[in-house]
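# Structural overview for review
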Amino acid sequence: APLPSAMAPPIEVSTGVMKRSIDVGDGDTLEIMPLGAGSEVGRSCHLCTYKGKSVMFDCGVHPGYAGIASLPYFDEVDLSTVDALLVTHFHLDHCAAVPFLVGHTTFKGRILMTHPTKAIFQMLMADFVKLNKTTDAGEAIFGESDLKASMERIEVIDFHQEVDIDGIKVTPYRAGHVLGACMFYIDIGGLRVLYTGDYSRTPDRHLPGADLPPIPPHVVICEATYGVSPHSPREERERRFTDRVHQILNRGGKVLLPVVALGRAQELLLILEDYWVKHPELHGVPIYQASALARRAMTVYQTYINVLNGDMKAAFEEANPFVFRHVNHLAHAGGLDDVGPCVVLATPSMLQSGLSRELFESWCGDPINGVIIADFAVQGTLAREILSDCKSITSRTGGDLPLRMSVDAISFSAHADYPQTQQFLDAMAPAHVVLVHGEAGEMGRLRRALEGKAAADGKKMSVYTPKNCQAVEIKHSGSKVAKVMGVLAEHPPAVGTHVRGLLVQKDFGHMLLAPCDLPAYTKLRTAAVSQRQMVPTSVPLTNIRFALEALFEGIHNVTTLSGDCKGGEG
């Protein structure tokens, strides 16, 4: 067939030395819908749909809510149509709804995460199930059987490994943030989408920074946690942190560090251990890690040395840097009754419940004590409340408690700040950016800053800030490539000549083939259909032949087989 002039969106027919274009109709629409973390921080879950394929990024719970209210808005979509769930890392706001998704919905797709993420996910969710057993039955969103079912469904993937899921090409890249955290890069029919999850381009004491994908994506779904705020340099934050800890200890106080059990806790322990080694006067002051889960999970850090940064790999050649000489394990709050100045790392980081809340309520009335919030404080949590200069807090029993202890915020949360985000997007120059995992005000400011920067640089960038269940629709009219294979590729056509063949589509790939090459390159087969039909008629044969030649090619005469007809041909 002759090759028409290119029209959007074209297929580029590649012979290896030259390309031709075939019109395939109008462009397709990519739909991105946040089911959580749309203009909020918490319950990250985003559905990406294109060309009949559907991918879910992350599936977490909201730390500010309990029970069903903490889940993403699953009821808004048909989960049975989702082809895959890609989980970026093990933090609860990105993964804790996976057992519910598997055990209580119609979701049947594949689930992918990295090796370290799956290992720690199992530990975290087992603790989550035990915690649910001690709370009201109405707040338990899944049980042990759901966790077991989800573990059986989870597949592991390595950084930079490409996996094909029914035509969806999936590749994880390093995200920094926490051990095993990744960004997911997907390709659906030539449309490239990068989901950053939580990421950091700045290396810290134990992790390298996030990768920059080698092939720029068309669309980036990017976290907006810190909006347009910049982080101080890491060395400066570490100095402020250790100085503040030392000041509180010098006045005879106790230091509370509310942390997530895994991730930033290990970073803070490395900082404190190094500081204690350099300050012998502190050797009598204990550091307590009040998390059995964190202690168990250290085996995962020691197993996956290959994903740590170069300094940690070198340190492992001499000794295990995660064996701390000045850190002790604390089983319960009662172990601190007769202890003077000390440092305690306790969970959870938002002070909503657990040991960190218990210690906070015990210590908050004494001005010699101090609490340092080292993570991002989510709206609606006690950690966020005490940063607003309040004078009292409501205890778990409903009473008022005076807040006299010092409160500081020194972030080690390993989320990208504005300079990181702006430089990251500048390097990839995507046409579309969808901001998620950020509060509405911060996201609005970041959107205006990114659009202003792109306009100043002469680039075209559309930035979106959807709310939960608000779909972003993006038209994509990219080029598609059809490879000329087999005998047709032996003699590449000259410009202006015709190419005749069969255009075969497999998933989102196209091939132009001669019929004889179908068995070699596809599962299709060619066949010849012969049909013989006898029709009694009194119409002259010349009239019948004329009518048939108007419908079919290759009409030819054969001698009649019966002498009953009056001779001639038919």
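Before reading further, recall that the structure is shown in the block above.
Here goes a summary of the coordinates provided. (Residues numbered from 1 in each chain as written. Predicted model: local features only at pLDDT ≥ 70, side-chain atom pairs only at ≥ 80, totals over all residues. Heavy atoms only, no water.)

### Describing the pattern of salt bridges
Formally: We define a salt bridge as a contact between a side-chain nitrogen of Lys or Arg and a carboxyl oxygen of Asp or Glu at a distance within 4 Å. The numbering of helices and of strands both runs from the N terminus, where a helix is a DSSP run of H or I of at least 4 residues and a strand a run of E of at least 2. Think of it in three bands: with a 1.4 Å probe and only protein chains considered, a residue is buried below 20% of the maximum accessible area for its type, exposed above 50%, and partly exposed in between.
Within the structure shown, the criterion is met by 17 salt bridges. Glu238 is the salt-bridge partner of Arg205, the closest N and O atoms lying 2.9 Å from each other. Taken together, the residues span a long stretch of sequence, with Arg205 in the loop between β12 (191–195) and β13 (219–223) and Glu238 in helix α5 (residues 234–250) at a distance of 33 residues. Residue Arg205 is classed as partly exposed on the basis of its relative accessible area, which comes to 24%.

### Some words on unusual backbone geometry
Residue Pro348 follows Thr347 across a cis peptide bond; omega there is -5°. Here Pro348 is to be found in the loop between β17 (342–346) and α9 (354–363). Positive phi, normally seen in glycine, also occurs at Cys469, with a value near 70°. Residue placement: Cys469 occurs in the loop between β23 (462–464) and β24 (472–476).

### Focus on the environment of Ile186
Note on placement: Ile186 falls in strand β11 (residues 182–188). In this structure, the C-alpha to C-alpha distance between Ile186 and Phe324, residues 138 residues apart in sequence, is 40 Å.

### Notes on the packing of aromatic side chains
Put simply, the rule reads: Stacked, tilted and edge-to-face are the three classes assigned to paired rings of Phe, Tyr and Trp, where Trp is represented by its six-membered ring and a pair needs centres within 6.5 Å; plane angles under 30 degrees give stacked, over 60 edge-to-face, the rest tilted.
The final tally for this structure, using the stated rule, is 11 aromatic pairs. Ring geometry for Phe74 and Phe100: centres 6.1 Å apart, planes at 10°, overall stacked. Taken together, the residues Phe74 in the loop between β5 (53–57) and β6 (84–86) and Phe100 in helix α2 (residues 98–104) connect sequence positions 26 residues apart. Taking relative accessible area as the criterion, Phe100 reaches 13% and is therefore assigned buried. When the ring of Phe128 is compared with that of Phe142, the centres are 5.4 Å apart and the planes differ by 15°; the resulting orientation is stacked. Residue Phe128 is found in helix α3 (residues 115–133), and its partner Phe142 is found in the loop between α3 and α4 (144–153); the two are separated by 14 residues along the sequence. Phe128 gets classed as buried once you look at its relative accessible area, which sits at 16%. In this structure Phe142 comes out as buried when scored by relative accessible area, which is 5%. One aromatic cluster in this structure is built from Tyr301, Phe316, Phe322 and Phe324.

### Observations regarding α9
Burial within α9 is extensive, with seven of its 10 residues counted as buried. When α9 is considered as a whole, its buried residues turn out to be Leu355, Ser356, Arg357, Leu359, Phe360, Glu361 and Trp363.

### Observations concerning the sheet that holds strand β10 (residues 168–174)
Note the cut-off: For two strands to be treated as a pair, DSSP must find at least two bridges joining them. Throughout, an axis means a line fitted to C-alpha atoms (over the contacting stretch in the case of helices), and angles, computed between N-to-C directions, take values from 0 to 180 degrees. Here, residues are in contact when the closest pair of their heavy atoms is within 4.5 Å.
Taken in spatial order, the seven strands line up as β9-β10-β11-β12-β13-β22-β23 in an open sheet, and their pairing is mixed. Because the sheet does not close on itself, it has two edges, and the strands there are β9 (163–165) and β23. Ignoring which end each strand starts from, the neighbouring axes of this sheet average 20° apart. As paired strands, β13 and strand β22 (residues 432–436) are joined by five bridges and run parallel to one another. Looking across to β22, one finds that Val219 is bridged to His432. Of the strands in this sheet, β11, β12, β13 and β22 are in contact with helix α11 (residues 418–428), which crosses β13 at around 170°.

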